[in-house]
Amino acid sequence: MMRIILLATLFMFSVYTYAQEIKIIPQPVEIKMGSGSYTIKNQLQIVYDAKAKSSAEFLSQYLNRFYKVNCKLTESSGQGRDAKTIYLLVGAVDKKEAYQLDVKQNNITITGDEEGIFRGVQTLIQLLPVPVQSSQPQIIKLTIPQLTITDYPRFAYRGLHLDVGRHFMPVDFIKKYIDFIALHKMNYFHWHLPEDQGWRIQIKKYPKLTEVGAWRNGTIIGRYPGTGSDNTIHGGFYTQEEIKDIVKYAADQYITIVPEIEMPGHSNAAIAAYPFLSCFPEEQTKIPANMISKASTQLQEEGRKKLVLETWGVSDDVFCAGNEETFAFLQDVLDEVIALFPGKYIHVGGDECPKENWKRCDNCQTRMKSEKLKDEHELQSYFIQRIEKYINKKGKTLIGWDEILEGGLAPKAIVMSWRGEAGGITAAKQKHEVIMTPGNPVYFDHSQSENEDSVTIGGYNPIEKVYAYNPVPKELNADEAKYILGAQANLWTEYIKNPKKVEYMLLPRLSALSEVLWSPLEKKDWKGFEKRLTEQFKRYDFWKANYSKAYFDIKATIIPATDNKGVIWKLESKQNSSSIKYISHSAGMINSSGFANGKDYTTPILVNSSMITAAIIMQNGKAIGNPVSQTFIINKATGKKIFLAGEASPNYPGDGAFTLVNGVQNEKGLAKSKEFLGFSGSNCEAIINLDSIQLIKKVTVHTIRQTGSWIWRPLTVEVFISDNGKDFTSVGLTDDFIVKKAGLETGKMIVSFDERETKFIKVIVTNWGEIPAGDPGAGKKAWLFVDEIEVN
C-alpha cells in the first residue's frame, strides 16, 4: 500500500533556485556545510540495508508522488559507493534514533540505527526544494547543498494524541495523521478509542460495544452546554482488520501506537451496550432535557435505561468497582486489544472518574471493606492497580492520566501529567516515569488564535507558547529529571467534527512541538524557528494541508496606561509589508467594509472611554484575514493598580491581577479563558487602588458558572473600603448570581450600597467550596473564575 497519502493530486511546478540557508524543523544537533551540491534526477537508485527497507520505500514513494521521480530500490551488497545514488546503511550508534546524513557531490548517505535512518529520511525530505505552484508545467531541479548533519532526539517519547470517541475519523485520515507524526520526527501515536460518546474498537467477544456503543442519536449544538441537540446519528468504529492495517502502517514509519481503553470513568458507551457494568443498571442515563435527542427521548419513554452520552462533560455513571463481572469484561477487552497492538504501552485513562455512584453502591462499599480501603480514591487506586497487574502479566506497561496518583500509584505505572505539571513532578519524585502533557500549552484543542474563527473548547495555546515549553520542570533535580520520558500534544474532538479541522488545529503547532521534543535545549531559538517556519508553511501548501495561519494574526495586547488612567490597546503584526488600519465606535457592530476609511495604526491606542475597537491588515486597499476586535467597558477601576492576596492557578493565569481591571468583560465563556483568573478551591481577594478619594456606590464582579467543567459561581462577594489601604470597612455582601448570557452561563454579582468615599477597595470573591454530591466532580474543590471587577 502507498505509504504517503498526504497528497491526492499532482502539482505543476515552477523553477526553484535552492537557497543555501538550511531550514529544517526540528533543528538538527549539528550541521556542517560543504561547498558543492547534489542533484536528484529521474531513475534515481536507492541502495539500502535490509533493515532499512521501510525507509527506502518511504523515500521512493515520497519522491515519486511529490516530484514524479522514479526510483530503483536495491538491497545493499556491501560494495563500494556509486555515483548518483542514495545509500541507507544501518550502523552502530551511541544514541537511539541517531543518524548521520552526508550529502556529497556524487551521492547521499544516511547511516544510523533503523529508526535513525528513517528520521534522517525526513531531514532529507526537508532539504528538497519546495516548488512554487504554477498554472503551467515547469521543470524543477532537485538540488541539495553539500553538507553533513549529525542528529539524534532529546526525548525518547515524542507523542501525538487523537480522540476519536467524541467524533469518529475515517481510516484514511488516521493514516494521514500518522504521516504528519512521521514527517515531524515524532514516534508515538496515542489513540483514544472509547469514550462516553462512542466506542470505536471492535471487540469480538462483546459485539454490542460497536452495535450499540459506537453510535449516538445526537450531539449538542454549539459550545457546552449548547443550545439543543442536532438529532443526527453520529458514529463509527474500526474493525480489527482495519486496526491491524493501521498498526502496520504506523510501524513501517517507526511509530508506536498507544491504544487507550478508558476506565473506570468515561464509560457511558460501554455501559449503554452492557448495562451490568454500571453500579445501577436500572437507572436511566442522565442527559439534560435541553441536550437529549428526540430519538433518545423516545427510547427512554419506551423503557431504555442506558444511552450513549450525547453531550460533553463528565458523567457519574462509571464502571462498577465492586462487581467482579466488570473486571472479567475489562480483561476480555484488554486481551483483544493487546493482541492487536504490539507496542509495550496500554493506556487506561483513569481521569475524571466521579465517585458518587461508588459511594452509594453496596457492591463498591463491600469491596472497600474487604480490601481495607479508607475512601473511594483508594478504591480507584485498587481498580487501576488490579488492571495494571493483569496488563503486566501480558508483558505490557500501564499508562494513566495523573489522577491515578490519587489513593496510591500503581507500582510500575507511567503517569501522563495533564492537569498542569504537578502530577508529573510528584510521580518523578516517586521515581515513576512521566510523560508531560499539560493543558497549557500542549492541548491542541485549545484555540491558537485570539481572533476565534470557529468553536473550540476554550483556552489559548498559540504556537509561541508551544515552542517556549520545556517538558522538564525546574522543580526536578538532575536525577529526578531522568524520569521525564518526553511529552505529547493532545487533540480532543468535542468541537472538531471533521479531518480538515483536525489538521487546522494541529498545524503548525506540531512543528513547534517537534522541535521542543527533538532538538537540544540549547538549540532552541524562537527567531530562528520563525525563519524556518515560513519554509514549513510552503511545505504545508505543497502537501495541501489545511493549516492555521493564526501565526500571522494581529496580536492585540491590553496593558495599563502609564498613569493608570485607562488602558492601552497595543497591536503587532508579522506582516512587515502590510499596514494595520483600525476603527473605533462607541457602540454598534463593526464589519470589514469600514476599514477602508480607518485610521493608520502607528502607535498603541489609549482607551479611556467605553468603546468597540477593531483592526485589520490592509494590502493594496483590501482587508487581509480576519479582523481583531475588542469591546472595552471603562469604569473607575479600569487600568488601576491592583493587588491579589493569593495567586491564581498557573493553569488559568490570565494576564495576572491586571486581568480583573483591564476593561474587558468576558462574553464568550471558556472560549476566552485567557480573560479569566482561575482559582482551584481558593478565594479571589483583590485590593484596587483608585489613586484618589472617589465616590462609589456599586461594585460588580463578572464571573462564570459551568458546573460540568467543575466551575462554580462564587458563594458570595463582599466589598470593603479604606482611605489608607490598611483599615477596611465592609460596605456590602451578596450571594445573588445573575446570568448575563444563557448557555455560556457568564454572570455577575453586584454589591450596591449608599454612596461612599474611598481610595482603596477590597473585594473578596468566595469560592463555592466542595462540589456537592450528584454534580460532576462531586467531592472535589470547585473552580472559581473571575474576569472583571467593575466599580461605579
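Each remark here, short or long, concerns the structure printed above.
Our subject in this report is the structure included herewith.

The rules we used
Residues numbered from 1 in each chain as written. Predicted model: local features only at pLDDT ≥ 70, side-chain atom pairs only at ≥ 80, totals over all residues. Heavy atoms only, no water. Pairing = 2+ DSSP bridges. Helix = DSSP H or I, 4+ residues; strand = E, 2+ residues; numbered from the N terminus. Expected span 1.5 Å × (residues − 1). Buried < 20%, exposed > 50% of the residue type's maximum accessible area, 1.4 Å probe, protein only. Contact = heavy atoms within 4.5 Å. Axes fitted to C-alpha atoms, helices over the stretch in contact; angles between N-to-C directions. Salt bridge = Lys/Arg side-chain N within 4 Å of Asp/Glu carboxyl O.

## Focus: the sheet that holds strand E26 (residues 622-632)
- Spatially, E23-E22-E25-E26 is the arrangement adopted by the 4 strands of the open sheet, whose pairing is antiparallel. For this open sheet the edge positions go to strand E23 (599-600) and E26, each flanked by a neighbour on one side alone.

## Focus: helix H1 (residues 53-67)
- A rise of 1.5 Å per residue sets the reference length of H1, with its 15 residues, at 21 Å; its end C-alpha atoms lie 21 Å apart and thus fit the reference within 8%.
- Of all 15 residues making up H1, 11 are buried, and the element is well covered by its neighbours.
- For H1, the full list of buried residues reads Ser54, Ser55, Ala56, Phe58, Leu59, Ser60, Gln61, Tyr62, Leu63, Phe66 and Tyr67.
- A positive phi of about 60 degrees marks lysine 68, the residue just after H1.

## As for the side chain of serine 649
- Counting through the fold element by element, serine 649 comes out in the loop between strand E27 (641-644) and strand E28 (654-657).
- Setting aside residues no more than four positions away along its own chain, serine 649 makes contact with Gly678 and Trp783.

## Concerning unusual backbone geometry
- Geometrically, the link from isoleucine 25 to proline 26 is a cis peptide bond, its omega value of 0 degrees lying close to zero.
- Tracing the backbone shows proline 26 in the segment before strand E1 (30-40).
- Note that the residue after tyrosine 224, namely proline 225, is joined by a cis bond; omega there is 5 degrees.
- Turning to its location among the elements, proline 225 is positioned in the loop between strand E12 (215-216) and strand E13 (234-235).
- A positive phi angle is found at glutamine 43, which is not glycine, with a value near 60 degrees.
- Looking at where glutamine 43 falls in the secondary structure, it is placed in the loop between E1 and strand E2 (44-48).

## Overview of the sheet that holds strand E3 (residues 71-75)
- Spatial strand order, E1-E7-E5-E6-E4-E2-E3: 7 strands in an open sheet with mixed pairing. Single-partner strands in this sheet number two, and they are E1 and E3. Looking at each pair of strands side by side, their axes are set apart by 20 degrees on average, direction ignored.
- One ladder, built from 8 bridges, connects E1 with strand E7 (residues 142-151); its direction is antiparallel. In the sheet register, serine 37 faces E7, and the bridge partner there is proline 145.
- Across the face of the sheet, H1 comes into contact with E1, E2, E3, strand E4 (85-90) and E7 while running at roughly 165 degrees to E2.

## A word on the pattern of salt bridges
- In total, this model carries 30 salt bridges according to the counting rule given.
- Here arginine 367 ties to glutamate 324 by a salt bridge, and the two come within 2.7 Å at their closest N and O atoms. Of the two residues, arginine 367 is situated in helix H10 (residues 362-370) and glutamate 324 in helix H8 (residues 324-340); the sequence distance between them amounts to 43 residues.
- By relative accessible area, which is 10% here, arginine 367 ends up buried.
- The partner of aspartate 335 in a salt bridge is lysine 394, and the shortest N-O contact between them spans 3.3 Å. Linking aspartate 335 in helix H8 with lysine 394 in the loop between helix H11 (376-393) and strand E16 (397-401), this pair joins segments that are 59 residues apart in sequence.

## Focus on the environment of isoleucine 484
- Note that isoleucine 484 resides in strand E19 (residues 484-489).
- Judged by its relative accessible area of 6%, isoleucine 484 is buried.
- Through-space distance from the C-alpha of isoleucine 484 to that of lysine 306 is 41 Å; in sequence the pair is 178 residues apart.
- For isoleucine 484, the residues in contact, after removing those within four places along its chain, are Phe155, Ala428, Val434, Met436, Pro471, Val472, Pro473 and Leu476.

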